[in-house]
Amino acid sequence: KEKKKPEQFLSNLQEVEDDISYRFNFYVVGPKANGVISEVTSSEFARRLSGSGPTPSSTGGVRCLCEVMVPMSAEKGTLVRKVANLSLNSLGFDQDMPTWDTRQEALGACVVYILWIDGTTTDGESNFDD
């Protein structure tokens, strides 16, 4: 079987029998963004559906699959599981935030800011002023 190239339109994620109900683009901002993305994509839940690990996305980040529970299903007594395709992209605080051309793109996007309050700079000073 021929392996798909990352720049091809169709997903190169592992095939799953479930329907992909949700698609989200996460933009993780901050100096620790890559570490957070690595933790998400290497989690037990992501590896269960995505196989050996994350795959490159068309936006320059990585993608993985994960299960989500439908909130309203718990009230009915049974949890309904759906599959979500997550695209995770890292950005620095000095980079421009993405813009979206359509309402649909904007509704599937989430910007997450990572503030590392316990951290220190290279010269040993705190990342935050008093």
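Computed from a predicted structure; not experimentally measured.

Thresholds, definitions, all that
Residues numbered from 1 in each chain as written. Predicted model: local features only at pLDDT ≥ 70, side-chain atom pairs only at ≥ 80, totals over all residues. Heavy atoms only, no water. Pairing = 2+ DSSP bridges. Helix = DSSP H or I, 4+ residues; strand = E, 2+ residues; numbered from the N terminus. Buried < 20%, exposed > 50% of the residue type's maximum accessible area, 1.4 Å probe, protein only. Contact = heavy atoms within 4.5 Å. Axes fitted to C-alpha atoms, helices over the stretch in contact; angles between N-to-C directions.

Asker: How would you explain the pairing of strand E3 (residues 62-69) if you had to name every residue and give the values?
Answerer: The two faces of the sheet receive side chains in turn, since in a regular strand these alternate between them. Note: strand E2 (residues 55-56) against E3, 2 bridges, orientation antiparallel. Paired with Pro56 across the two strands is Val62, which belongs to E3. Relative to strand E4 (residues 81-91), E3 runs antiparallel, the two sharing 8 bridges. Bridge pairing in E4 places Val62 opposite Leu88.

Asker: Let's hear about the pairing of E4: which residues, and what values?
Answerer: Within E4, 8 of the 11 residues are buried, leaving the element largely enclosed by the surrounding structure. Inspection of the sheet shows strand E1 (residues 20-29) paired to E4 by 9 bridges, in the parallel sense. Bridge pairing in E4 places Tyr27 opposite Asn89.

Asker: How would you sum up the sheet that holds E2? Please name residues and give values.
Answerer: Here 5 strands make up an open sheet; going across it, the order is E2-E3-E4-E1-E5 and the pairing mixed. Strands with a single pairing partner mark the edges of an open sheet, and in this sheet they are E2 and strand E5 (109-113). Against the sheet, helix H1 (residues 33-41) touches E1, E3 and E4, its axis set at about 160° to E4.

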